[in-house]
Amino acid sequence: MFSSTPREKRRRKIERIAAVTCFLFTMLLVVPVLAILTYLVVRAWPALSLDFILENPQNLMQSGGIWAPLVGTFCLVWLTLAISAPIGILAGIYLNEYARDNWFTRVVSLAVVNLAGVPSIVHALFGFGAFVLTLGMGKSLLAASCTMSVMTLPVIITSTREALAAVPISFRMACWNMGATRWQTIRTIVLPNSMSGILTGVILQISRTAGETAPILFTGVVFYAPVAESGFASILPYSVDQPFMAMSMHLFTLMTQVRGVSEEMQYATAVALVGLILLISGGAIGLRTWLRNHRRW
Amino acid sequence: MNSCTHIQFDHLTVHYGERIALQDVSFTIPRHAITAIIGPANAGKTTLLKCINRTIDFESTARWNGSVYVNQVDVMHKKCDCIDLRRRIGMVFPLPVGLPLSVYENVAYTPRRAGMKSSPELDALVEDCLRQAMLWDEVKDRLQHLGTRLSGGQQQRLTLARALSHRPEILCLDEFSIAIDPVTTMKIEDILREMKKTTTIVLVTNLVQQARRLSDTTAFLSSGRLVETGETEQVFEHSANELTRRYVCGEFG
Amino acid sequence: MRLPESDIQPPRSARKRWAMDLGESSIEMLIRLCGWSSILFVLMIFFFVFREAFPLIGNSEFSFKEFFTSINWRPTSEIRETYGVLAMIVGTLSVTGLSMLFAVPLGLGAAVFLSEFCTGHVKETLKIVIELLAAIPSVVWGFIGYMVVGPLVVEWTDAAIGVNLLTSSILLALMSVPVIVSVGEDSLKAVPDSFREASVALGANRWETIYKVLFPAAKNGLLAAVLLGVGRAIGETMAVLMATGHSTRIPHSLVDPIRTLTATIASEMGEVSRGSTHYQVLFLIGVLLFAMTFLVNLIADLVVRGIRKNG
């Protein structure tokens, strides 16, 4: 019926080639990375154990585990969250619910985009100048958390904004018509129905905070600050005015600052860090998928 | 302005950006009666309702001149207490919106905002409103289900119940019958006739016959201008304006 | 039909209206303040970084001409300190350029594949994998570069050392690809289906539709995707610190070690004394980086705004 001319055949061939090329490009991204991650796990396998996680680094970090940096990262994440989540969520509410569509709002959005685009090392310089020196916090957990908060703020603002925008405008209209104020509308209808979306953003921010190194480099992290194994200090290991250890920095230290660390330990630390991050991000993605299937309207 | 006037539009002009939605509209809506506002699409009927309860505030491009007096208070004035105003006015919009709350909480929303706690009184109020909106029999067994899971027609009646929950002195209905079946529409029309003894009802409708059936007075808007207003009987039978006559006879619209 | 009589009346107006109004306006103020804080933070970043670099104006040990034109970076020299960052600018630009050479075709190809050739579970899975790719921290990429990619590069090329331009470009490409894919896919998705249908109805096959209809329609979004990738590559620190080789020379081949602006700050900031010329110059590099990424992001934002305006 439809005879295929040579021209037709050529067109179809080009389409086939294009599709295959695009497919190959995608695979070229995905496959090597998966291969590398597998390789990391295989190399780390001999050193991975529960003791590795629960022990402090010992003997100039040539033996022992990753307990202190793990705890340090944990402290950093929570303090950062406590500072930036309220600001970020409220800023997201402002941009989606209060801001009018004018030049000023565009400037605010542009500021958020740029805050996300500023290199992490510049954030580190800023944190050093502002928090460590000017506000006199010194190299401390607090200064590092403040720096990290400013840096990860856009993550939480953007995802809060998206989550709020997913709530239909008609719900707000209905509330306003009934004499609810803007804030009552937000509190009773908008926030409860976008909570999971906001939570996803918070988790993504946690994963970002746990992985970043540069911003804490001169603001609070140190090579070595073990946590007490027992007593009061083991419950609250790092006070906010003390420097601390962090997983990301610990990996960097093992790589470049100390000699004689076995490759297994380096691999194991890297795998522990990647595992931690993927676990957190995976949680965020899982939550988002669940949320998509459990809409309330 | 005499005592039986409830709402008075006084040279009201509304722009959305460059577009004129209402131009120099002046007329009055009597107390405790049903007033129908009819007119073709884009005549500015919905805008008129948005002015009565000042939800026009939420249209970012809207600008206005003139006044709307409710109980002789200018509600278009900057200093008007919009929250209090909106709690005196019930508003039902054409597309049903069940809030993502339980059926019970949908109706209890405004009373709770006004400070009512969970109590037998609140239960009774919710039941009362749902009965008035002809919804009670259908939902009495699933008051805790999500309001958004009801059918379109049920959601529309839920919206009506919600609008009644703060015992409004003015009830505005914007083409309420679009999403519900004719039988329920008839029942609700009966309720409205009953309600007008205590409530002023403003009915925006595309259905000329519905306006004729229900209303005491009628205002005809076209392209943002008030063409004619008066007793329903008079507007329909002895239209002063040729445009009105053609519209009510169904010749355009 | 009789209306059920009822004497149940809700409170006509809220009790303690003044308390409600006060609560309402204070929470509103708080929300506005938080919203405006982003502007404040950007200004503060600029202010604090600039403030530490400011004394360089009028500092006799430092000349701006040398800063931009010299390739000699000898901040600790006993004889005469020189602060030339030309080699680092070239290093940053070359590693960014080379990584984009890998990342742009890969990223856009993957975006096209995800958006046009693939559906359902495969699509969802691939998107999640690419999202997880974006979550891998840069210090781990540096580790991968140093331990895995570097040795492979040495094996396959005549590189003398594993940490070099090529290795770090590969890493940066893998790091910036997720941004390119997700923004690129979004902009392809934003092209209305009617465009595709019209094109197919005219007899075009899928590739011709992509090439002749989708690319032109989504070109702003694709350009923004690339710019965001560039912004990320310029600003990346830890991975390049660990995998570039840290040599202040202008690279002559793909496998020469290089040094970037970011890595210089990261590696030397810990050792300088506050207020020294060296310290101030490191902050000046920060200002330079801030300006570069600000410009790239500004352009990307204007380009994205272009799509929204023109549909």
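Residues numbered from 1 in each chain as written. Chains lettered and ligands numbered in written order. Predicted model: local features only at pLDDT ≥ 70, side-chain atom pairs only at ≥ 80, totals over all residues.

**Some remarks on the overall build of chain C**
Operational definition: Helix and strand definitions here come from DSSP, where helices need a minimum of 4 consecutive H or I residues and strands a minimum of 2 consecutive E residues; each element is numbered from the N-terminal end. Contact definition: two residues whose C-beta atoms, as placed from backbone geometry, lie within 7 Å.
Regarding its fold elements, chain C presents 12 helices and two strands. Helices and strands appear in chain C in the N-to-C order α-α-β-β-α-α-α-α-α-α-α-α-α-α. Over its C-alpha atoms, taken along the principal directions, chain C stretches across nearly 105 × 65 × 35 Å. Across chain C, every contact between residues at least 6 apart in sequence was considered, and the portion connecting residues at least 24 apart equals 73%.

**Observations regarding the overall build of chain B**
We apply this condition: Each residue is classified by how many other C-beta atoms fall within 10 Å of its C-beta atom, where C-beta atoms are placed from the backbone; a count of 20 or more means buried, 12 or fewer means exposed, and values in between mean partly exposed.
Summing up its helical and strand segments, chain B has 10 helices and 10 strands in all. Referenced to the eigenvectors of the C-alpha coordinate spread, the extents of chain B come out at roughly 55 × 40 × 35 Å. Taken over 253 residues, chain B has a buried fraction of 47%. Put simply, of all contacts in chain B between residues at least 6 apart along the chain, 68% involve residues at least 24 apart.

**Details of the interface of chain A and chain B**
Formally: Each residue gets one label: Ala, Val, Leu, Ile, Met, Phe, Trp, Tyr, Cys and Pro are nonpolar, Asp, Glu, Lys and Arg are charged, and the others, such as Gly, are polar.
With 16 residues of chain A in contact, the opposing surface of chain B contributes 18 residues. Going through the elements one at a time, α7 (169-177) and α8 (182-190) of chain A are the ones with two or more residues in the side of chain A that touches chain B. The greatest single-element share of the side of chain A that touches chain B, amounting to five residues, is contributed by α7(A). Taken together, the residues that form the side of chain A that touches chain B break down as seven nonpolar, six polar and three charged.

**A closer look at the sheet that holds strand β4 (residues 62-70) of chain B**
All names here are of chain B. Operational definition: Pairing between two strands is assigned when DSSP locates at least 2 bridges connecting them. Here an axis means a line fitted to C-alpha atoms, over the contact stretch when the element is a helix, while the angle between two N-to-C directions is reported on a 0 to 180 degree scale.
Judged by pairing direction, the sheet is antiparallel, and its four strands sit side by side in the order β2-β1-β4-β5 without closing on themselves. Either end of the sheet is taken by a strand with one partner, and the two such strands are β2 (19-30) and β5 (73-74). The pairing of strand β1 (residues 5-16) with β4 spans eight bridges and is classified as antiparallel. Note on β4: the bridge partner recorded for Q8 is Y69. The strands touched by helix α1 (residues 45-52) within the sheet are β1, β2 and β4, with β1 carrying the most contacts at an inclination of about 115 degrees.

**Concerning helix α10 (residues 247-256) of chain A**
Counting buried residues in α10(A) gives eight out of 10 residues, a clear majority hidden from the surface. Of all the residues in α10(A), the buried ones are M247(A), S248(A), M249(A), H250(A), L251(A), F252(A), T253(A) and L254(A).

**Considerations on the sheet that holds strand β3 (residues 34-38) of chain B**
Strand-to-strand pairing in sheets goes through backbone hydrogen bonds, with the strands running parallel or antiparallel. Residues and elements named next belong to chain B. With mixed pairing, the six strands of this open sheet are ordered in space as β6-β7-β8-β3-β9-β10. In this open sheet, the two edge strands, each paired with only one partner strand, are β6 (89-92) and β10 (225-231). Strand after strand, the sheet turns through a mean of 15 degrees between neighbouring axes, direction not considered. Sheet analysis places β3 next to strand β9 (residues 217-222), joined by four bridges and oriented parallel. In the strand pairing of β9, I38 is matched with F220. In the packing of α1 onto the sheet, contacts are made with β3, β6, β7 (170-174), β8 (200-205) and β9, and the angle to β7 comes to roughly 155 degrees.

**Brief notes about the interface of chain A and chain C**
Counting residues at the interface gives 67 residues for chain A and 68 residues for chain C. Residue assignment for the side of chain A that touches chain C shows that the elements contributing at least two residues are α1 (6-44), α3 (67-98), α4 (103-117), α5 (120-134), α6 (141-165), α9 (195-211), α10 and α11 (263-293) of chain A.

**A short note on the environment of S118(B)**
Mapped onto the secondary structure, S118(B) falls in the loop between α3 (103-113) and α4 (120-132). Each C-alpha atom of the pair S118(B) and E237(B) lies 51 Å from the other, and the pair is 119 residues apart in sequence.

**Some thoughts on the confidence of the model for chain C**
All names here are of chain C. The test is simple: Every residue carries a pLDDT, the predictor's confidence in it, which falls somewhere between 0 and 100.
Scored by pLDDT, chain C has a mean of 86; 93% of the residues are at 70 or more. Note on residues 1-7: pLDDT is under 50 here. Beyond four places in sequence and across chains, it has 12 contacts. Scored by ipTM, the complex comes to 0.89, with pTM at 0.87.

**Side note on unusual backbone geometry**
Residues and elements named next belong to chain B. Of note in this structure, N42 is not a glycine but carries a positive phi near 65 degrees. Within the fold, N42 resides in the loop between β3 and α1. You will see that E175, though not glycine, has its phi angle at about 45 degrees, which is positive. Among the structural elements, E175 can be located in the loop between β7 and α7 (182-195). E175 gets classed as partly exposed once you count the C-beta atoms within 10 Å, which come to 18.

**Remarks on the packing of α11(A) against helix α4 (residues 120-135) of chain C**
Threshold: Small angles under 35 degrees read as roughly parallel and large ones over 145 as roughly antiparallel, with 65 to 115 read as roughly perpendicular and the rest as oblique. Each crossing gets its hand from how the near helix is turned against the far one by less than a right angle, where anticlockwise is left-handed and clockwise is right-handed.
In the contact formed by α11(A) and α4(C), the axes pass within 10 Å of each other and the chain directions differ by 135 degrees. Of the possible angle classes, the one that applies to α11(A) and α4(C) is oblique. Between α11(A) and α4(C) the crossing geometry is right-handed. Packed against α11(A), whose contacting residues are I277(A), L278(A), S281(A) and I285(A), the element α4(C) presents I128(C), E131(C), L132(C) and A135(C) at the interface. A per-class count over the contact of α11(A) with α4(C) returns six nonpolar, one polar and one charged.

**Description of the pairing of β2(B)**
Residue and element names in this part refer to chain B. As defined by bridge partners, β1 adjoins β2 across eight bridges and the pair is classed as antiparallel. When the sheet's bridge partners are listed, T5 is paired in β2 with P30. The turn joining β1 and β2, which pair antiparallel and follow one another in sequence, is formed by two residues; a positive phi near 60 degrees is taken by G17.

**Quick look at helix α8 (residues 206-217) of chain C**
Here is the rule we go by: To obtain the arc, one takes the directions from the helix axis to the C-beta atoms.
Among the residues making up α8(C), those that are buried are W207(C), T209(C), I210(C), L214(C) and A217(C). On an axial view of α8(C), the arc spanned by its buried residues comes to 135 degrees, and they lie on one face. Those residues of α8(C) that are exposed and aimed more than 90 degrees away from the buried face are K212(C) and P216(C). As for α8(C), its buried residues are in contact with α1 of chain A together with α3 (86-117), α6 (165-189) and α7 (193-201) of chain C.

**As for the nonpolar core**
Condition: In plain words, the nonpolar core is the set of buried Ala, Val, Leu, Ile, Met, Phe, Trp, Tyr and Cys residues that C-beta atoms within 7 Å link up. Domain limits in this description derive from either an automatic procedure or a database domain assignment.
Core analysis: the biggest nonpolar cluster contains 265 residues, and C172(B), L203(B), V140(C) and I180(C) have the highest contact counts within it. The element that contributes the greatest number of residues to this core is α3(A), accounting for 17 residues. Each of domain 1 (6-47) and domain 2 (50-293) of chain A accounts for three or more of the residues forming this core. If we skip the residues at most four places from it in the chain, L203(B) touches I34(B), T35(B), A36(B), I37(B), L173(B), A211(B), L214(B) and S215(B).

**Looking at the environment of M29(C)**
Residues and elements named next belong to chain C. Within the secondary structure, M29 sits in helix α1 (residues 17-53). With 10 C-beta atoms counted inside 10 Å, the residue M29 sits in the exposed group. Sequence separation between M29 and A159 is 130 residues, and the spatial gap between their C-alpha atoms is 60 Å.

**Structural notes on the environment of G90(B)**
With respect to the helices and strands, G90(B) occurs in strand β6. The sequence separation of G90(B) and R167(B) amounts to 77 residues, and the corresponding C-alpha distance is 7.9 Å.

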